[in-house]
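# Reading the structure
The residues making up each chain are set out below.
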Amino acid sequence: MNRLRLGVNIDHVATIRNARGGRHPDPVRAARLAAAAGADGITAHLREDRRHISDEDIDRLAREIDLPLNLEMAATDEMVAIALAHVPHAACIVPEKREERTTEGGIDAAGQLARLKPIVARLSDAGIRVSLFVEPDPRQLEAALALGAPVVELHTGAYCEAATRNDARERDRLLGQAREAARQGAQAGLEIHAGHGLAFETVGPIAAIPEIRELNIGHFLIGEGIFSGLDAAIRRMRALMDEARAAADGRRTA
């Protein structure tokens, strides 16, 4: 089977911790549990306002976790310096606004080539695998290639929102857009990841896209973990991903 990797985002373990202060619950403990439950990597977004993950969390994750660390970061000098100090396996450049509750869409790489070019170069020169969190839009794929970023992560938030409100037409349109972007990007030589808003009910069609190599999922898993336990939530997500990929592989070889 063309196995699909699962990156577990542990940001919102830190959100719960920060609501009261102190050290509990510990995001690093969540990362260890995710590894035991079948995660292939750990994702953490160090926001400029430090609303969840802290600098200490990144330091501990880099030192104490054996899985690859994917640092989500804004395109700022401060975040580049932090990435260069820790040298995570990967750095995913995302848009960031102080007033947003969560990342609202992909970065406009096509409109920010001059600003992003030196950032991608500095991270890449340090041996960090750079990805760009983008909309499934051919212009953004072309920009990633022009910037020399080897990976794009396709934003799946709008697709998930359409599925949640039972808008089948819009869901299918957005799913088709993701499929085409994954096909075009992979054909051009990009490694394709996807994420944002994915849940048990929405992961299957995205996991079935053969060109996608990795999904990054966080908020849903942490929330579901409150009810079923984080270990069980991750294991079920892993199983749903594997089932969707196996079924898609079977259709292509039949």
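Structure shown above.
All of the points below concern the structure found in this document. Being a predicted model, the structure only gives us computed values, none of them experimental.

### Quick look at the overall build of the protein
Broken down by element type, the protein carries 11 helices and 8 strands. Relative to the 2.2 N^0.38 estimate, which gives 18 Å for 254 residues, the radius of gyration of the protein is 17 Å and therefore close to what a compact globule would have. In terms of its C-alpha atoms, the protein occupies a principal-axis envelope of roughly 50 × 45 × 35 Å. Evaluated residue by residue, the protein yields a buried proportion of 49% over its 254 residues.

### Points about unusual backbone geometry
With an omega dihedral of -5°, the bond running from His24 to Pro25 counts as a cis peptide bond. Even without being a glycine, Arg50 presents a positive backbone phi close to 55°. Within the fold, Arg50 resides in the loop between strand S2 (41-45) and helix H3 (55-64). Given the relative accessible area of 23%, Arg50 is considered partly exposed. Positive phi values are uncommon outside glycine, yet Asn166 reaches one of about 60°. Turning to its location among the elements, Asn166 is positioned in the loop between helix H7 (157-164) and helix H8 (168-187).

### As for the environment of Leu123
Along the chain, Leu123 falls in helix H5 (residues 113-125). You can call Leu123 buried: its relative accessible area is 0%. Taking the C-alpha atoms as reference, Leu123 lies 17 Å from Asp59; in sequence the two are 64 residues apart.

### Quick word on the sheet that holds strand S6 (residues 151-155)
Strands sit in the order S1-S2-S3-S4-S5-S6-S7-S8 around a closed barrel of 8 strands; the barrel is parallel. Across this sheet, the average inter-strand angle for adjacent strands is 25°, counted without regard to direction. The sheet contact formed by strand S5 (residues 129-134) and S6 spans 4 bridges and is parallel. By the bridge assignment for S6, Phe133 is matched with Glu153.

### Describing the packing of helix H2 (residues 27-37) against H3
Look at H2 against H3: their axes get within 9 Å of each other, and the N-to-C directions meet at 35°. As H2 packs across H3, the resulting crossing turns out to be right-handed. Touching Pro27, Val28, Ala31 and Arg32 of H2 are Asp57, Arg60, Leu61 and Glu64, all from H3.

### A closer look at the packing of H5 against helix H6 (residues 138-147)
For the pair H5 and H6, interaxial distance at closest approach is 9 Å and the crossing angle is 45°. Between H5 and H6, the interaxial angle falls into the category oblique. When you trace H5 past H6, the crossing you get is right-handed. Where H5 abuts H6, its residues Leu113, Leu116, Lys117 and Val120 lie against Ala143, Ala146 and Leu147. A breakdown of the residues in the contact of H5 with H6 according to their chemical character gives 6 nonpolar, no polar and 1 charged.

### Some thoughts on the nonpolar core
One finds Leu61, Ile93, Leu123, Ile206 and Leu215 to be the most contacted residues of the largest nonpolar core, which totals 77 residues. The greatest single-element share of this core, amounting to 6 residues, is contributed by helix H11 (residues 230-253).

### A look at the packing of aromatic side chains
Going through the model one piece at a time under the given rule, you end up with 1 aromatic pair. Here Phe200 and Phe220 contribute two aromatic rings whose centre-to-centre distance is 4.7 Å and whose plane-to-plane angle is 80°, an arrangement assigned as edge-to-face. Of the two residues, Phe200 sits in the loop between strand S7 (191-195) and helix H9 (203-207) while Phe220 sits in helix H10 (residues 219-228), which places them 20 residues apart along the sequence. In this structure Phe200 comes out as buried when scored by relative accessible area, which is 9%.

Thresholds applied
Residues numbered from 1 in each chain as written. Predicted model: local features only at pLDDT ≥ 70, side-chain atom pairs only at ≥ 80, totals over all residues. Heavy atoms only, no water. Helix = DSSP H or I, 4+ residues; strand = E, 2+ residues; numbered from the N terminus. Rg over C-alpha atoms; globule rule 2.2 N^0.38 Å. Buried < 20%, exposed > 50% of the residue type's maximum accessible area, 1.4 Å probe, protein only. Pairing = 2+ DSSP bridges. Axes fitted to C-alpha atoms, helices over the stretch in contact; angles between N-to-C directions. Left-handed = near helix turned anticlockwise from the far one by under 90°. Contact = heavy atoms within 4.5 Å. Parallel < 35°, antiparallel > 145°, perpendicular 65-115°, else oblique. Nonpolar A, V, L, I, M, F, W, Y, C, P; charged D, E, K, R; others polar. Core = buried A, V, L, I, M, F, W, Y, C linked by side-chain atoms within 4.5 Å. Phe/Tyr/Trp six-rings, centres within 6.5 Å; stacked < 30°, edge-to-face > 60°.

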